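# Structural characterization, general
One-letter residues, chain by chain:
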Amino acid sequence: MIKRRRILVTSALPYANGPIHIGHLLEVIQTDIWVRFQKARGHECYYVCADDTHGTPIMLKAQADGISANTLIERINREHKRDFAEMLIDFDNFGSTNSLDNKALCERIYLNLRNAGHIEKRTIRQAYDEQAQMFLPDRYVKGECPTCGTADQYGDSCESCGATYSPADLKNAISVVSGTTPVEKESEHYFFKLSSFEEDLVMWIQSGAVQPGVARKLNEWFTQGLKDWDISRDIPYFGFEIPEAPGKYFYVWFDAPIGYLASFAELCARTSLKLEDFFKVDSCTELHHFIGKDILYFHTLFWPAILQAAGMRRPTSVHTHGFLTINGQKMSKSRGTLITARRYLERFPCEYLRYYLAAKLGSGLDDLDLNLSEFSTRLNSDIVGKLVNIASRCAGFITRSASGTMSSGEQSSGSLATRLPEPQLYAEFAAAGESIAAAYESRDTASAIREIMTLADRANQYIDQRKPWVLAKSPEKLLEVQAICTQGLNLFRALMIYLQPVLPVMATKSMHFFRETAWSWESAATPILGTRIAPYEPLATRLDPKAVAQLIDSDPIPPPLGPANMVTAIPLAAALTPVARSTSNVSDTLSAGAAAAHITIDEFMRVDLRVARVIAADLVEGADKLLRLKVNVGELGDRLILAGIRAAYDPQTLIDRLIVVVANLEPRKMRFGISEGMTLAAGPGGKDLFLLSPDSGASPGMRIK
RNA sequence: GGUGAGGUAGCUCAGCUGGUUAGAGCGUGGCACUCAUAAUGCCGAGGUCGAGGGUUCGAGUCCCUCUCUCACCA
């Protein structure tokens, strides 16, 4: 009997500023397969993850969208959960780093570090945007490379010549946020003294916690010597404020891995599990992190050091995988190869992607290529042609010539397995269970799949040799036909049990086909005999290569404006159209055509329409068409809007009225000030303009959708 | 630039601590079969294992040099 292990597993936290794409899926699918495998083996295994919600990019994206950061991350969280669920990623908990649990844990861990003397204050100089009044991360400063002069380079390194430098070295630097020239400014930051953990980290890494290739990679950093780690950021920042340090926030990479604990804490809160059992320093549970190689540094240096410094256990292992490429190329939006989970799921069964990736996933750091033509041939050949075919070709005989009952093998004696016509063949399948399990365990799923498919070939060969379709023509040989197909179906059953971690739905359907209720890994060791099967229903259908090719967005960049694209273009065009002109330009173009091409719901959702209350309305001196409106948009605060409705409305009649505004319109500088939105009105313009209003009950800030 | 990974049949890859004629799947040519979702089975073609040098009785497998590809650089 295998010793029952207690295992906690995580996948890297997806960043909450965009949708789940196929690169994320590579990681969660790999992890999910490993977790399902552990569960099938009878271990106690938990799988948690969360959204990574903090940091400057989220803060700025929310601002750009005209919504609060909280609104943004809540929306993204719902989308992420839905995508993962449809991909059959079986999280025991999926949380958010913006949770109260995480805040408490961050503070507790930070105070532990500080009280143990692992935190140090230092003054640093950093690029500062005076207009936006914020410090700028390196990636938010752009300019010419000081070494080679290439334009439009980020503040940390040059993509052209590879030079590394600091933002202050850039020539003609500008802030990406405001477009102004940044200045250097001093600020006090908090550093985690990583350097004092160097020896322990070396030992931890040598203990086998990481793959050999990763250990070699880390050596590079050790030979350079570890640098202490800046864990603080200045206000404004979306994150958690550091205790006893007003205006200072935890750097997103400090609170993100702690999010693993926080997500598990949520699971503990609704079960009898105890966080302490898994994280105390002498815990005998296992902790496994699955990550991509881009975030190696954080997980193999900072994170174990933080855990150790805070008096907790370190990870059992960190499993690092390579990147996903599409047709041999890096994923890219402009090439249309940034395939979102949604795009995939709208077209194909989730299990096909799970299988394809599983068949190519090794235990190393190599990048993995999703080749679309290979995708369909592989699925059609392996799953439909070989695997499912075994059941498909046997089931008919059992149903037709044996009234749906498998052979019981009663004519021979002995154990169940030996009552099959070819006991040795079954024994071979049963014995393979251990080496397949070893491959799964070491995350070499490609090897597991190879072995399973070799067995599938053996099963088809067996059926071919025994030719039940020939025997079935002689009534006296029907028992033999039944026995052969019973053997075939049992071989299929063993294979499906081995594939359960990869193909959970197909496996469940197969289990129901055998009229069974549960499969563990050991179920494959013993065949089932003499039972009735359910009528066979196709378990998988073939993929059309042409449809697969369309996974890539062949038209990723919107074409120039034309009648057919008019509506799609509106959000973009509107974003550049000042409010005052909205009544002439945009409404004219819209009314001109009797509707046009469809837009997707996502495209529509990009327009943030809100209910707003007019709190002040004035004439604009010198402008004969404009009114200056001050509106309250609930959680988004107050906005100043210059609206071209003077001919149609008396300002006094507007005060206190509810109207509809576009809240995420890019602010537009006009002669009379900056307009921070757009009011919605119908009509050709001039005196014939009619503002839109919600029915009573609506309140400022409500989103219109 | 530094570091890491990798270059094995048309494509995707396996080849563990060096050992008989280098493997699989897909694709391809031929044959067989017709139970099965034009599925399956059998036979074949196709590789001087990136290049050169070295160690060894023997190297795709170890060492050195070169070359190309990819990735990472807090």
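Residues numbered from 1 in each chain as written. Chains lettered and ligands numbered in written order. Predicted model: local features only at pLDDT ≥ 70, side-chain atom pairs only at ≥ 80, totals over all residues. Heavy atoms only, no water.

## Details of the overall build of chain A
How we decide: Going along the chain from the N terminus, every DSSP run of H or I of four or more residues is numbered as a helix, and every run of E of two or more is numbered as a strand. Three exposure classes are used, based on accessible area relative to the maximum for each residue type with a 1.4 Å probe and protein chains only: buried under 20%, partly exposed in between, and exposed over 50%. Pairs of residues are marked as contacts when any of their non-hydrogen atoms sit within 4.5 Å. Using the Shrake-Rupley algorithm and a 1.4 Å probe, accessible areas are obtained, with residue cover drawn only from the displayed protein chains.
Scanning chain A from terminus to terminus reveals 23 helices and 27 strands. When each of the 705 residues of chain A is scored for burial, the buried share is 51%. The contacts of chain A with a sequence gap of at least 6 include a subset with a gap of at least 24, amounting to 73%. For chain A, the exposed surface amounts to about 31500 Å²; the carbon and sulfur share of it is 52%.

## As for the side chain of Ser175
Heads up, the rule is: Between N or O atoms, a polar contact is any pair within 3.5 Å; within protein, one atom must be a potential hydrogen donor and the other a potential acceptor, and residues adjacent in sequence are included only when both atoms are from side chains.
By the secondary structure assignment, Ser175 is in strand S8 (residues 171-175). Of note is the side chain of Ser175, whose polar atom sits 3.0 Å from the backbone nitrogen of Val177. With residues near it in sequence (within four places) discarded, Ser175 still touches Asp129, Leu136, Tyr140, Thr180 and Pro182.

## Looking at the domain arrangement of chain A
Counted only if it meets this: These domain limits were set by an automatic method or by a database of domain assignments.
You can read the domains of chain A as domain 1 (6-116 + 194-228 + 255-321), domain 2 (119-192), domain 3 (325-559) and domain 4 (564-691). When each unit is reduced to the centre of its C-alpha atoms, the spacing between domain 2 and domain 3 is 54 Å.

## Quick notes on the sheet that holds strand S4 (residues 119-129)
To keep things clear, this is the line we draw: Only when DSSP finds a minimum of two bridges between them are two strands counted as paired.
Ordered in space as S5-S4-S9-S10, the 4 strands form an open sheet in which the pairing is antiparallel. The open sheet has two edge strands with one neighbour each: strand S5 (134-135) and strand S10 (229-230). Summarising the sheet, S4 and S5 pair through 2 bridges and their orientation is antiparallel. Along S5, the bridge assignment pairs Tyr128 with Phe135.

## Some thoughts on the confidence of the model for chain A
What counts, and what does not: Known as pLDDT, the predictor's confidence for each residue is given on a scale from 0 to 100.
Residue-level pLDDT values for chain A average 82, and 85% of them are 70 or greater. This complex was scored by the predictor with a pTM of 0.79 and an ipTM of 0.90.

## Quick notes on the packing of aromatic side chains
Put simply, the rule reads: Note on aromatic pairs: the rings of Phe, Tyr and Trp (six-membered ring only in Trp) are paired at centre separations within 6.5 Å, and the planes decide the class, stacked below 30 degrees, edge-to-face beyond 60, tilted for the rest.
Taken as a whole and judged by the stated rule, the model has 33 aromatic pairs. Pairing Trp34 with Phe290 gives two aromatic rings, centres 5.6 Å apart and planes at 55 degrees, and the pair type is tilted. Placement of Trp34 in helix H1 (residues 22-40) and of Phe290 in strand S13 (residues 286-292) is noted, with a sequence separation of 256 residues between them. Take Trp34 and Phe290: they sit in the same class, and that class is buried. Considering the side-chain rings of Tyr356 and Phe375, the 5.2 Å spacing of their centres and the 70 degrees angle between planes classify their relative orientation as edge-to-face. Of the two residues, Tyr356 sits in helix H11 (residues 350-360) while Phe375 sits in helix H12 (residues 372-401), which places them 19 residues apart along the sequence. We note that Tyr356, like Phe375, is buried. Here the aromatic residues Trp229, Tyr251, Trp253, Tyr297, Phe298 and Phe302 are joined through ring pairs into a cluster of three or more.

## Topic: the pattern of salt bridges
Using the following cut-off: Between Lys or Arg on one side and Asp or Glu on the other, a salt bridge is scored when a side-chain nitrogen of the former is within 4 Å of a carboxyl oxygen of the latter.
This model, assessed by the stated rule, comprises 33 salt bridges. A salt bridge links Arg6 to Glu44; the nearest nitrogen and oxygen atoms lie 3.2 Å apart. One end of the pair, Arg6, is in strand S1 (residues 6-11); the other, Glu44, is in strand S2 (residues 44-51), with 38 residues separating them in the sequence. Classification of Arg6 as partly exposed rests on a relative accessible area of 29%. The partner of Arg378 in a salt bridge is Asp382, with the nearest N and O atoms 3.3 Å apart. With Arg378 and Asp382 both in helix H12 and 4 residues apart, the pair spans about one turn of that helix.

## Examining the protein's contact with RNA strand B
What counts here: By convention in this text, a residue qualifies as near a molecule or strand provided that one of its non-hydrogen atoms is within 4 Å of it.
Taken together, 33 residues are adjacent to RNA strand B, and Arg216, Glu220, Tyr297, Ser392 and Ala540 come closest. In the interface set of RNA strand B, defined as its atoms within 4 Å of the protein, sugar plus phosphate atoms amount to 69%. Take Lys293: an N or O atom from its side chain is 3.4 Å from a sugar or linking oxygen of RNA strand B. Side-chain polar atom of Gln461 to a phosphate oxygen of RNA strand B: 3.5 Å apart, as the coordinates give it.

## Quick look at the environment of Asp457
Tracing the backbone through its elements, the reader meets Asp457 in helix H14 (residues 445-466). Residue class for Asp457 comes out partly exposed when judged on its relative accessible area of 29%. Each C-alpha atom of the pair Asp457 and Lys386 lies 6.8 Å from the other, and the pair is 71 residues apart in sequence. Within the structure, the side chain of Asp457 is placed 3.4 Å from the side chain of Lys386, a separation counted as a polar contact.

## Topic: the packing of helix H5 (residues 198-209) against helix H6 (residues 212-224)
What counts, and what does not: Axis lines are fitted through C-alpha atoms, for helices just across the contact stretch, and the angle between N-to-C directions can take any value from 0 to 180 degrees. The labels follow the angle: roughly parallel below 35 degrees, roughly antiparallel above 145, roughly perpendicular from 65 to 115, and oblique for the rest. When the near helix sits turned anticlockwise from the far one by under a right angle, the crossing is termed left-handed; a clockwise turn instead gives a right-handed crossing. Following the grouping adopted for this structure description, the nonpolar residues are Ala, Val, Leu, Ile, Met, Phe, Trp, Tyr, Cys and Pro, the charged ones are Asp, Glu, Lys and Arg, and the polar ones are all others, Gly among them.
Axis separation between H5 and H6 bottoms out at 11 Å; the angle between their running directions is 170 degrees. Viewed along their axes, H5 and H6 adopt a mutual orientation that is roughly antiparallel. The two elements H5 and H6 meet at a crossing, and its hand is left-handed. Counted together, Glu198, Leu201, Val202 and Ile205 of H5 and Ala215, Leu218 and Phe222 of H6 form the full contact between these two elements. Considered class by class, the residues forming the contact of H5 with H6 number 6 nonpolar, no polar and 1 charged.

## Description of the sheet that holds S13
Here we have 5 strands laid out as an open sheet, ordered S3-S2-S1-S13-S14, and parallel in their pairing. Every interior strand has two partners, whereas the edge strands, strand S3 (93-96) and strand S14 (317-321), have only one. The sheet shows a mean angle of 25 degrees between the axes of neighbouring strands, direction not considered. Lying on the sheet, helix H7 (residues 252-269) is in contact with S1, S2, S3 and S13; it crosses S2 at an angle near 120 degrees.

## Concerning the pairing of S14
Note the cut-off: Crossover handedness is defined here as right-handed if the route from the first strand over the helix to the second strand goes clockwise, with the strands pointing away from the viewer.
With 5 of 5 residues buried, S14 lies mostly within the body of the structure. Here S14 shows a buried face lined by Ser317, His319 and His321 and a second buried face lined by Val318 and Thr320. Where S13 and S14 come together, 5 bridges link them in parallel fashion. Each bridged residue has a counterpart across the sheet, and for His289 the counterpart in S14 is Val318. Note that the unit made of S13, helix H9 (residues 296-309) and S14 has a crossover that is right-handed.

## Some points on the nonpolar core
Threshold: As used in this record, nonpolar core signifies buried Ala, Val, Leu, Ile, Met, Phe, Trp, Tyr and Cys residues forming a set joined through side-chain atoms within 4.5 Å.
Residues Phe192, Phe254 and Phe264 are the most contacted members of the largest nonpolar core, which totals 170 residues. With 13 residues, H12 is the largest single contributor of residues to this core. Core analysis: the next-biggest nonpolar cluster, separate from the first, contains 37 residues, Leu72, Tyr140, Ala173 and Phe238 among them.

## Examining empty space enclosed by the protein
To be explicit about the condition: Using a 1 Å grid laid over the protein atoms alone, points where a 1.4 Å probe fits but cannot get out form a cavity; open sets with protein on both sides within 12 Å along at least 5 of 7 lines form a pocket; any residue with an atom within 4 Å of a point counts as lining. Grid points are joined across faces, edges and corners, and a volume is the space filled by probe spheres set on the points.
Tallied over the full model, the rule gives 2 cavities of 30 Å³ or more. Roughly 30 Å³ of volume is contained in the second largest cavity. Lining the second largest cavity we find Trp229, Trp253, Phe254, Pro257, Ile258, Phe302, Trp303 and Ile306. Here the lining of the second largest cavity takes 4 residues from H7, the largest share from any one element. Looking at the lining of the second largest cavity residue by residue, the class counts come to 8 nonpolar, no polar and no charged.

## A few points about helix H3 (residues 69-86)
Our working rule: Here, expected helix span is obtained from the residue count minus one, scaled by 1.5 Å. This arc describes the spread of directions from the helix axis toward the C-beta atoms.
End to end, H3 covers 26 Å across 18 residues, agreeing with the expected 26 Å (1.5 Å per residue, within 8%). By the burial criterion, the buried members of H3 are Ala69, Leu72, Ile73, Ile76, Asn77, His80, Asp83 and Phe84. Across the axial projection of H3, the buried residues extend over an arc of 140 degrees, all falling on one side. Note on H3: the residue one or two positions beyond its end, Leu88, has a positive phi of about 65 degrees.

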